[in-house]
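So you can see what is in the structure, the chains are spelled out below.
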Amino acid sequence: MKGNGVRQSMAWIHGWLGLLAGWILFAMFVTGTASYFRPEITRWMQPEYRPHAVPQAEAARTTVAWLQKNAPHDEQWTIYLPTERTLSTRAFTRARPNPDPKAPRAPRRPEVRLDPATGAPIEARDTRGGEFFYRFHFQLQLPHPWGRWLAGLCAMFMLGAILSGVITHKRIFADFFTLRWSKGQRSWLDAHNVSAVLALPYHAMITYTGLITLVVMYMPWPILANYPKPTAFAESLYGDTAGQKASGQPGRLADMGRFVEAASAEWEGARVSRIIVGNPDDASSTVTLLRTGEDRLNARGASITYAGVSGARLAASPAPGPAVETAGVMLGLHLGWFAGPLLRWVCFLLGLTGCAMVATGLVLWTVKRQRPGAQPFFGMSLVERLNIGAVACLPAGIAAFLLANRLLPPMLVGRADLEVSAMFWAWFGLAALSLLRPVRRAWIETLAISALLFAAVPIADLAMVGAFPTDGLFVAFDATMFLLAATLGFAAWRTAVRPARAARPRRRAPVTVAEVREAVDVA
Amino acid sequence: MASAQLGGQGWSMAGRSLTALIGGYAAAAGLATLLARLLPVERVEATAWGMILSFLFYAAFGLWAFHEPRLTRVAAVIWGAAVVAGGAALLLGVRP
Amino acid sequence: MSLEVALLGYAGFAKLAQGRGRHSRTARPDRARARILGWLLILGSFLAALHRFGPYLAVPAWLALLSVSGVILVLLLSRWPMAATAPWIPMTVIALPLCLL
């Protein structure tokens with residue numbers, strides 16, 4: 001290996017960035033891809049719920065009625081109105097901080113899902129639903145803020161890996177269509193290249209926009225340089241919504257439906273996505289309505305703030321300049337709300353391609369360093385084992401989460417947390433068990449178990465829910481489970497039929513110099 | 001392996017990694033903050049541009065830290081950029 | 001449905017794959033023609049995306065649909081090299097009326 005060319009250094013850094021962040025990135029890609037169907041997964045996990053579509057104004061009214069009965073003195077209500085895909089209202093409340101400074105901070109309350117027609121909590125089994133995948137995707141089930149920081153670090157590594165990968169790839173266009181099977185390291189490199197390059201615009205976009213989604217947390221310093229009071233930045237973006245302090249005088253909110261209708265009218269019929277009510281029981285309550293981001297690329301919709309009691313229009317978000325619009329578009333690209341049904345499936349497939357890119361990269365790292373007959377060095381064993389745990393056992397955990405949803409009794413208390421436990425027990429348990437097996441058998445068996453668990457999900461669905469699904473959503477979901485099971489099963493089968501390294505017949509032709517250089521190129 | 005080019009193992013690699021990871025972040029943050037402070041556009045716009053571009057700066061610093069073989073040069077440029085940009089931003093003070 | 005964007009993308013990639021230099025049995029002028037046609041089809045796919053999605057959404061939607069059709073083509077190409085590129089004609093033919101739907 002000669003010289004310190006940029007290709008060599010980028011190849012080296014690409015390998016290390018990809019390896020160190022790869023295990024977590026795989027989980028982020030998987031859960032992120034699942035999150036494209038966040039509301040659909042939630043609906044599948046609450047099959048008892050029969051949604052009734054009602055006008056937004058009505059949904060807002062019933063929700064506020066319930067909140068006034070159940071959380072009347074809270075500091076802030078956040079209401080996500082139902083959409084075509086999310087057929088229930090989601091409400092979060094934030095309690096008033098305890099005036100006693102020594103009292104421990106109250107835990108964040110989980111969301112409550114309400115029937116938009118009645119305002120009552122929906123009558124269905126308690127579950128996190130698709131929200132679990134969404135939150136895991138950027139919080140990694142770690143306490144705040146460590147999860148987000150770790151996810152951000154992995155995303156930065158991913159960005160570095162993309163840039164270095166592009167710089168180092170010598171024949172990026174000549175190799176565009178090359179995918180050779182059963183050629184060992186060659187094949188893994190081909191698979192990694194194909195999954196990475198063919199969807200390169202998507203991977204680059206999703207990585208950079210992902211960082212942007214939490215940029216205020218990751219890079220707040222420009223705000224501090226430009227604003228003596230950092231909260232003024234949010235006010236510049238959203239209009240002065242948070243300013244109102246509780247006056248201490250009681251007050252009654254005006255009819256929420258009228259707020260929704262007024263805002264919608266001002267936006268020429270566009271839907272309201274979210275309502276934030278500040279100090280709802282106070283005379284100086286505020287109602288902020290946010291416009292939907294589903295009909296355009298910019299996910300950050302405009303907002304209007306009204307006085308809660310009088311209904312007077314207080315403020316509206318200013319029209320965004322090019323930078324703010326860019327940030328909003330980046331957010332929209334990442335969330336993919338603008339996508340109709342076909343595009344959404346396309347994004348899902350591209351997300352799976354991203355998972356393949358990370359997984360093939362991780363496997364490639366070990367395949368390149370395999371010395372037939374030699375004892376693997378410790379780092380190699382460590383990476384092999386982590387690869388199995390991260391790539392082959394995570395699907396088992398996800399399938400276990402979905403299976404638990406169907407198998408646990410619907411009325412069981414605490415079942416939502418049990419479903420999450422099932423996911424982690426299955427994932428880490430299978431990974432631990434895989435340590436008892438030799439590496440190749442471990443791959444085959446964990447992939448096979450993951451495949452079986454995924455295949456069990458639609459079977460459990462049919463068995464427990466009782467009726468054959470007629471709703472298109474359930475059919476599509478179960479079919480996807482079977483397809484994922486088939487893919488995992490295919491991977492297990494291919495690994496099993498591949499001749500073990502020691503028994504590989506000698507190569508027919510001597511390896512050419514060019515091939516050696518190419519294989520080592522991405523060292 | 002290119003790592004041999006990068007001047008040995010152990011402490012040298014640790015120093016380089018730390019410079020890339022932490023120094024790179026500081027340099028990117030400093031540059032982004034300076035940009036936000038000085039861009040002659042509306043305050044909220046300049047802030048947003050700085051934040052949006054910051055990750056590109058970070059990636060560039062980080063990758064370059066592992067391309068340039070001389071560790072002293074890497075450390076000087078990256079930590080230097082962090083100190084100069086950050087210092088300048090601090091000295092300029094908050095936008096009036 | 002924006003299927004026509006993906007169909008034209010697949011067809012374009014199929015022709016570009018046929019136009020590849022190495023390991024190809026087709027003659028050089030045939031390969032050049034295949035490449036030209038391939039690029040034209042890719043351009044067609046972009047125009048179809050513009051028509052379907054409008055200027056604002058067209059680029060991300062087109063890139064996404066193009067990528068997916070590319071991935072599917074390469075997967076099929078790796079297993080059935082001749083059959084994977086064959087459907088480019090029916091795909092183009094079907095895509096054109098779909099643009100108008």
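Look above for the structure.
Report on the accompanying structure. All values reported here derive from a predicted model rather than from experimental measurement.

1. Some thoughts on the environment of Ile 172 of chain A
All names here are of chain A.
Then comes step 1: Relative to the helices and strands, Ile 172 is located in the loop between α5 (146–168) and α6 (185–197).
Then comes step 2: In this structure Ile 172 comes out as buried when scored by relative accessible area, which is 17%.
Then comes step 3: For the pair Ile 172 and Thr 31, spaced 141 residues apart in the sequence, the C-alpha separation amounts to 29 Å.

2. Side note on the packing of helix α1 (residues 6–35) of chain A against helix α4 (residues 130–139) of chain A
Residues and elements named next belong to chain A.
Then comes step 1: Here α1 crosses α4 at 145°, and the two axes come no closer than 8 Å. Here the hand of the crossing between α1 and α4 comes out left-handed. Where α1 abuts α4, its residues Ala 27, Met 28, Thr 31, Gly 32, Ala 34 and Ser 35 lie against Phe 133, Tyr 134, Phe 136 and His 137.
Then comes step 2: Classifying every residue of the contact of α1 with α4 by side-chain character gives 6 nonpolar, 4 polar and no charged.

3. Here's the deal with the pattern of salt bridges
Residues and elements named next belong to chain A.
Then comes step 1: Using the criterion set out here, one finds 24 salt bridges over all chains in the structure.
Then comes step 2: The salt bridge partner of Asp 190 is Arg 180, with a shortest N-O separation of 2.7 Å. Taken together, the residues span a long stretch of sequence, with Asp 190 in helix α6 and Arg 180 in the loop between α5 and α6 at a distance of 10 residues.
Then comes step 3: The exposure class assigned to Asp 190 is buried, which follows from its relative accessible area of 5%.
Then comes step 4: According to the relative accessible area criterion, Arg 180 is partly exposed, its value standing at 28%.
Then comes step 5: In this structure, Asp 295 engages Arg 296 in a salt bridge whose closest nitrogen and oxygen atoms are separated by 3.7 Å.
Then comes step 6: Among the residues examined, Asp 295 registers a relative accessible area of 47% and is labelled partly exposed.
Then comes step 7: What makes Arg 296 partly exposed here is its relative accessible area of 37%.
Then comes step 8: One salt-bridge network, in which partners are shared between bridges, spans Arg 38, Arg 90, Glu 111, Arg 113 and Glu 131.

4. Examining the interface of chain B and chain A
Then comes step 1: Between chain B and chain A, the contact holds 36 residues from the first and 44 residues from the second.
Then comes step 2: For the pair chain B and chain A, the summed buried surface comes to about 3500 Å²; carbon and sulfur atoms form 76% of the total.
Then comes step 3: By the criterion of area lost to chain A, the three top residues of chain B are Met 51, Phe 55 and Leu 63 of chain B, representing 21% of everything that side buries.
Then comes step 4: At the surface where chain B touches chain A, the tally comes to 0 salt bridges.
Then comes step 5: At the boundary of chain B and chain A, one finds 13 residue pairs in polar contact (both at pLDDT 80 or more).
Then comes step 6: Looking at the side of chain B that touches chain A, the elements that each hand over two or more residues are α1 (2–5), α2 (11–38) and α3 (43–65) of chain B.
Then comes step 7: Examining the composition of the side of chain B that touches chain A, we find that 17 residues originate from one element, α3 of chain B, more than from any other.
Then comes step 8: Class assignment of the residues belonging to the side of chain B that touches chain A gives a composition of 24 nonpolar, 8 polar and 4 charged.

5. So, the pairing of strand β4 (residues 272–278) of chain A
Residues and elements named next belong to chain A.
Then comes step 1: The element β4 is largely enclosed, with a buried count of 5 among its 7 residues.
Then comes step 2: As defined by bridge partners, strand β1 (residues 76–80) adjoins β4 across 5 bridges and the pair is classed as antiparallel. Counterpart to Tyr 80 in the pairing with β4 is Arg 274.
Then comes step 3: Pairing analysis gives 6 bridges linking β4 to strand β5 (residues 286–291), with the strands arranged antiparallel.

6. Notes on the arrangement of the chains
Then comes step 1: The pair of protein chains exhibiting the most contacts, out of 2 pairs of chains in contact, is chains A and B.
Then comes step 2: Considering only C-alpha positions, the minimal separation of the non-contacting chain B and chain C is 19 Å.

Cut-offs applied
Residues numbered from 1 in each chain as written. Chains lettered and ligands numbered in written order. Predicted model: local features only at pLDDT ≥ 70, side-chain atom pairs only at ≥ 80, totals over all residues. Heavy atoms only, no water. Helix = DSSP H or I, 4+ residues; strand = E, 2+ residues; numbered from the N terminus. Buried < 20%, exposed > 50% of the residue type's maximum accessible area, 1.4 Å probe, protein only. Axes fitted to C-alpha atoms, helices over the stretch in contact; angles between N-to-C directions. Left-handed = near helix turned anticlockwise from the far one by under 90°. Contact = heavy atoms within 4.5 Å. Nonpolar A, V, L, I, M, F, W, Y, C, P; charged D, E, K, R; others polar. Salt bridge = Lys/Arg side-chain N within 4 Å of Asp/Glu carboxyl O. Buried area = accessible area lost by both parts, 1.4 Å probe. Polar contact = N/O pair within 3.5 Å; in protein donor to acceptor, adjacent residues only side chain to side chain. Pairing = 2+ DSSP bridges.

All quantities given are derived from atomic positions and should not be read as evidence of function.
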